[in-house]
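Working through the structure, step by step
Listed here are the chains, written in short residue letters.
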Amino acid sequence: MKCDSCKENVAETEIRDLHGQTLCEDCYMDRLSPAKPCDPWAVFSAKSFSKNDSVTLELTETQSNILQLLKETGGAETEIISERLQIRPTDLEREIATLRHMEKVRGELRGRKKIIRLW
């Protein structure tokens with residue numbers, strides 16, 4: 001079967017139905033729980049955890065790669081980040097939301113383009 005969202009061929013056992021759409025598990029989860037980059041409680045939690053000496057916030061390899069790319073480029077559109085790092089756009093949204101909560105990245109408008117850049 002084919003996912004209505006990502007158009008990937010998926011085994012019938014991995015198909016989920018949501019509001020009349022046939023979705024793979026990844027797209028189903030993305031629809032049920034979208035990324036929320038502007039979440040004050042998540043920012044508060046990340047800040048309070050980072051202040052605690054016994055807790056260190058560790059970045060995933062993907063998050064480190066995103067930060068490295070942004071450092072090299074001075075900022076980039078999400079489409080470029082996704083393409084260069086070979087990350088699905090929905091997965092990139094989640095990683096950027098997490099980095100935003102830790103105040104590592106932020107959005108910026110340059111001309112008419114939305115750019116992700118280092119905090």
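Definitions and limits used
Residues numbered from 1 in each chain as written. Predicted model: local features only at pLDDT ≥ 70, side-chain atom pairs only at ≥ 80, totals over all residues. Heavy atoms only, no water. Helix = DSSP H or I, 4+ residues; strand = E, 2+ residues; numbered from the N terminus. Expected span 1.5 Å × (residues − 1). Buried < 20%, exposed > 50% of the residue type's maximum accessible area, 1.4 Å probe, protein only. Axes fitted to C-alpha atoms, helices over the stretch in contact; angles between N-to-C directions. Parallel < 35°, antiparallel > 145°, perpendicular 65-115°, else oblique. Left-handed = near helix turned anticlockwise from the far one by under 90°. Contact = heavy atoms within 4.5 Å. Polar contact = N/O pair within 3.5 Å; in protein donor to acceptor, adjacent residues only side chain to side chain. Pairing = 2+ DSSP bridges.

The terminal C-alpha atoms of helix α5 (residues 89–101) lie 18 Å apart, and with 13 residues this matches the ideal 18 Å at 1.5 Å per residue to within 8%. Among the residues of α5, Leu92, Glu95, Ile96, Ala97, Leu99 and His101 are the ones counted as buried. Positive phi appears at glutamate 103, one or two residues downstream of α5, with a value of about 60°.

By the element assignment, arginine 100 lies in helix α5. Arginine 100 sits in the partly exposed class, given a relative accessible area of 23%. In sequence terms arginine 100 and lysine 36 are 64 residues apart; their C-alpha atoms lie 9.6 Å from each other.

Two elements in contact, helix α3 (residues 61–73) and helix α4 (residues 78–85), have axes whose closest approach is 11 Å; the angle formed by their N-to-C orientations is 120°. Of the possible angle classes, the one that applies to α3 and α4 is oblique. The crossing of α3 and α4 is right-handed. Of α4, the residues touching α3 (which contributes Asn65, Ile66, Leu69, Leu70, Glu72 and Thr73) are Ile81, Arg84 and Leu85.

What follows is about the side chain of aspartate 30. Looking at the element boundaries, aspartate 30 is found in helix α1 (residues 25–32). Look at aspartate 30 and you get buried, because its relative accessible area is 16%. Here threonine 90 takes part through its side chain, which lies 2.9 Å from a polar atom of the side chain of aspartate 30. Apart from the residues lying within four places of it in its own chain, the contact partners of aspartate 30 are Arg88, Thr90 and Arg94.

Its identity is not glycine, yet lysine 7 carries a phi of approximately 70°, on the positive side. Along the chain, lysine 7 turns up in the segment before β1 (15–18). The class of lysine 7 is exposed, set by a relative accessible area of 52%.

We now examine the pairing of β1. When β1 meets strand β2 (residues 21–24), the two strands line up antiparallel, connected through four bridges. Paired with aspartate 17 across the bridge in β2 is threonine 22. The antiparallel hairpin formed by β1 and β2 contains two residues in its connecting segment, where histidine 19 sits at a positive phi of about 50°.

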